[in-house]
Amino acid sequence: MLHRLALRVLPSLSLTVTADAVRTRKRIVMAVPGLIAFGIYRLAKQELTLSDPLTLLILSGVVSLLTAAGAYRVGRRLSVGRVALEDGGRRVLWILGWIGFMYGVQLSLLVLALLWLVGYDYAKHPDGPAMMAIIIACSAVARDAFEIGHIRWLQVSGRPFSTFPDGHRLRELLGRFPRLLWQWVGTGILSTVCVSLAVPISENAQIAVLMQVAVVTLMAAGISLAAFLAGQGGEETWMSKLTASSWGELTKFFWWPGMAFASTYHLVLIGLVLYVAGMPRPASGVLALIAGVVGGIMALYAYYLGHRRQVENLEQQVVSPALLRCPFVMGILGPSRTQPTAGLETTSVLGKSGQRM
């Protein structure tokens, strides 16, 4: 789900895909596949055993793959054949395989885990959860594939983006093997495993998982906030950036994407354990392993996003008024923002020439 984080945390991408004209088209792109997915579910229900989780996940992945292809084409404003010719096989495979199939499977597992957590177990009542898993996954995939296609259309039209949400820049960063990044990843893994093992295990499986999600999410969100600040580099430490920032805006980041995505990854992995591994009651060791994965992923992605924010800050020394209206930007600039007559050049505790998120 790194693409989703990049599309909302990096202002150059976020402002682009949340413009009014884009939102209007996006609503249509999301609604139509959702209706089609409902029809596919009704037909598949007659022919397939959707009470089998693997069958459901494969069906959801295939429907999401087809949805991603169509939504990306709409955002890209090209025919299917032209998209493959102009964007290349590697990008098309990424759209189909990752944004389509794999993302759809992850979202379906998230839906099933959420429903299990509130007592609506897919294993006992397969019809409702199966339908929701397919439709919700399909709609979310359509939204993200359309946004990525729109970004690509603008990029080809001549608008530069320092970060494209395909993970290429993350692989470049990992290739340099920055020591500080791996320190934060290790911190995220160790801290979340420790708090997971410290949580008492309830006899009720749902309560046990709920306690784990709550505690691990809080820890992972805190680590991700610190890693995001550290990823921006500079002479200041992450702690000095933290203390110099607006607590209101830090709370916003802590809540979203910190807690939101930490809980999302946690529930996806819970769904994997419940319905793919077939473990009706996750053991404490499994829960600790899940916690470590969540902590490591959140630290990795947050550090990377902080790094890309700093790249944007350095490339865009003058911040436009439209960018300052971004909800992820305004608050944390706060009192540290200056407005010289030559332009809206800014200084932020999150980056020497930067915006917040």
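Residue positions are given per chain, counted from 1 along the sequence in the order it is written. With the structure being a predicted model, the display of local features is reserved for residues of pLDDT at least 70 and the display and counting of side-chain atom pairs for 80 or more, all residues being used for whole-chain, interface and lining totals. To obtain the side-chain values, all non-hydrogen atoms of the structure were used and water was disregarded.

### Comments concerning helix 1 (residues 2-9)
(1) Moving on: Where burial is concerned, most of helix 1 is hidden: eight out of the eight residues are buried.
(2) Moving on: Those residues of helix 1 not exposed but buried are Leu2, His3, Arg4, Leu5, Ala6, Leu7, Arg8 and Val9. Here the term buried applies to any residue with accessible area under 20% of the maximum for its type, exposed to any over 50%, and partly exposed to those in between, with areas from a 1.4 Å probe on protein chains only. Only DSSP runs of H or I with at least four residues qualify as helices, and only runs of E with at least two residues qualify as strands; both kinds are numbered from the N terminus onward.

### Describing the packing of helix 5 (residues 80-117) against helix 11 (residues 247-275)
(1) Moving on: Contact pair helix 5 / helix 11: the axes reach a minimum separation of 7 Å and the direction vectors enclose 85 degrees. By the angle class used here, helix 5 and helix 11 are roughly perpendicular. Across the interface between the two elements, Gln106, Leu109, Leu110, Leu112, Ala113, Leu114, Trp116 and Leu117 from helix 5 touch Thr264, Leu267, Val268, Ile270, Gly271, Leu272, Leu274 and Tyr275 from helix 11.
(2) Moving on: Side-chain classes follow a simple rule in which Ala, Val, Leu, Ile, Met, Phe, Trp, Tyr, Cys and Pro form the nonpolar group, Asp, Glu, Lys and Arg form the charged group, and the remainder, Gly included, forms the polar group. The residue makeup of the contact of helix 5 with helix 11, split by class, is 13 nonpolar, three polar and no charged. In this analysis an axis means a line fitted to C-alpha atoms, helices contributing only their contacting stretch, and an angle means the value between N-to-C directions, from 0 to 180 degrees. Any angle between 65 and 115 degrees counts as roughly perpendicular, while under 35 counts as roughly parallel, over 145 as roughly antiparallel, and the rest as oblique. In what follows, residue pairs with any heavy atoms lying within 4.5 Å of each other are defined as contacts.

### Some points on the packing of aromatic side chains
(1) Moving on: Aromatic rings from Phe, Tyr and Trp, with only the six-membered ring used for Trp, were paired whenever their centres fell within 6.5 Å, and each pair was classed as stacked if the ring planes differed by under 30 degrees, edge-to-face if by over 60, and tilted otherwise. One pass over the structure, following the stated rule, counts seven aromatic pairs.
(2) Moving on: The ring of Trp153 has Arg77 sitting right over it, with the charged end atom 3.7 Å from the ring centre.
(3) Moving on: The rule for a charge over a ring is simple: NZ of Lys or CZ of Arg within 6 Å of the ring centre, and within 35 degrees of the ring normal. Across the ring face of Phe164, the terminal group of Arg91 is positioned such that the distance to the ring centre comes to 4.3 Å.

### A look at the confidence of the model for the protein
(1) Moving on: Scored between 0 and 100, pLDDT is the confidence that the predictor attaches to each residue. Of all residues in the protein, 89% have pLDDT values of 70 or greater, and the mean over the chain is 87.
(2) Moving on: In the model, residues 318-325 has pLDDT below 50 throughout and makes 21 contacts with residues more than four positions away in sequence or in other chains.
(3) Moving on: Taken as a whole, residues 327-357 scores under 50 in pLDDT and shows 99 contacts with residues more than four places along the chain or in a different chain.

### Structural notes on the pattern of salt bridges
(1) Moving on: What counts as a salt bridge is simple: a side-chain nitrogen of Lys or Arg found within 4 Å of a carboxyl oxygen of Asp or Glu. Under the defined criterion, the tally for this structure stands at 13 salt bridges.
(2) Moving on: The closest approach of N and O atoms between Glu249 and Lys252, which form a salt bridge, is 2.9 Å. Linking Glu249 with Lys252, this pair stays in helix 11, spanning three residues, or about one helical turn.
(3) Moving on: Assessed through its relative accessible area of 47%, Lys252 is described here as partly exposed.

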